[in-house]
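Residue-level structure breakdown
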Amino acid sequence: MMLAADSARADEWWGWTMLELHRTETTNTGLFLGNRLDADDGAYVQIISPRHKQRVLPWLDMGAGLSLLEIENLSEGGRFLQFRPELEINPHLDLTPRLRLDLRNRMEWRWNEREEITIHRSRHRLQLGWKTPDGTGPLARVFASNEWLSDLHRGQWWENRAVPLGLTFETSKHTELDLFYMIFSVRQQATWRHESVLGTYLRVRF
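Quick caveat, the model's predicted, so the values are computed rather than measured.

Some details on the nonpolar core
In terms of nonpolar packing, the biggest core is built from nine residues, these being Trp-14, Phe-143, Trp-158, Val-163, Phe-180, Met-182, Phe-184, Val-186 and Val-197. Going through the elements one at a time, strand 10 (156–172) and strand 11 (175–188) are the ones with two or more residues in this core. Of all hydrophobic cores here, the second largest spans seven residues; its members include Met-18, Val-45, Ile-47 and Leu-69.

Some points on the side chain of Ser-145
Relative to the helices and strands, Ser-145 resides in strand 9 (residues 139–151). Residue Ser-145 is classed as buried on the basis of its relative accessible area of 13%. When sequence neighbours within four positions are dropped, the list of residues in contact with Ser-145 reads Arg-125, Leu-126, Gln-127, Arg-161, Ala-162 and Val-163.

With respect to the confidence of the model for the protein
Scored by pLDDT, the protein comes out at a mean of 92, with 95% of its residues at no less than 70. Note on residues 1–8: pLDDT under 50 across the span, and nine contacts to partners over four residues away in sequence or across chains.

Focus on the environment of Asn-90
Its place among the elements puts Asn-90 in strand 5 (residues 79–94). Linking Asn-90 and Asp-61, residues 29 residues apart in sequence, is a C-alpha distance of 5.1 Å. Not counting residues up to four positions away in its chain, the partners in contact with Asn-90 are Trp-59, Leu-60, Asp-61, Leu-103, Arg-104 and Asn-105. Reaching out from Asn-90, the side chain makes a polar contact with the side chain of Glu-88 at a distance of 2.8 Å.

Focus: the packing of aromatic side chains
Enumeration according to the criterion identifies seven aromatic pairs in this entry. Relative to Tyr-201, the ring of Phe-32 has its centre 6.1 Å away and its plane inclined at 80°; by these criteria the two rings are edge-to-face. Linking Phe-32 in strand 2 (residues 27–38) with Tyr-201 in strand 12 (residues 191–205), this pair joins segments that are 169 residues apart in sequence. Of the two residues examined, Phe-32 and Tyr-201, each falls in the buried class.

What counts and how
Residues numbered from 1 in each chain as written. Predicted model: local features only at pLDDT ≥ 70, side-chain atom pairs only at ≥ 80, totals over all residues. Heavy atoms only, no water. Core = buried A, V, L, I, M, F, W, Y, C linked by side-chain atoms within 4.5 Å. Buried < 20%, exposed > 50% of the residue type's maximum accessible area, 1.4 Å probe, protein only. Helix = DSSP H or I, 4+ residues; strand = E, 2+ residues; numbered from the N terminus. Contact = heavy atoms within 4.5 Å. pLDDT = per-residue confidence, 0-100. Polar contact = N/O pair within 3.5 Å; in protein donor to acceptor, adjacent residues only side chain to side chain. Phe/Tyr/Trp six-rings, centres within 6.5 Å; stacked < 30°, edge-to-face > 60°.

Next comes the structure, spelled out in structure tokens:
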């Protein structure tokens, strides 16, 4: 209901999909696909990214990815590719049998097509998730998170992604769907610009 009430005022839509190709108790290998549409600024971003995660300790996961993005300005017509290797170190803590705290730490090396200057960045996301009791229907989890991103060239925190509420639904035996609302903030010189985002994240297990 919260997502429907805010849909008329959302500035962006983000749609993510993870195709889990191989999964065990300690590993997860898949293909991440994403679309991002900014209705106000006229930006359209597509991403494809093979990714692998490995449990190295009971409380620690490590991951690697190799992303290719196509970034287009719909209002001006410009388009370029971005190549992005990624490395993650992700600790997590089970506060209770149903309540879990995750910290995702990702380093991204970014190369833009036809640009000599690269803009590498670090990302850190703190997420709190609560699993619903059995027998409560398709709603499997409620979560909230905040992610802050730093520009390593300027040495500055320049982007923030706050999710005050997200919902995970078990849509079938092999699929899960996240619905979330995000406050997307970008630093422009000394001020911050804020936009609202509606997002979906579909996970498919083969």
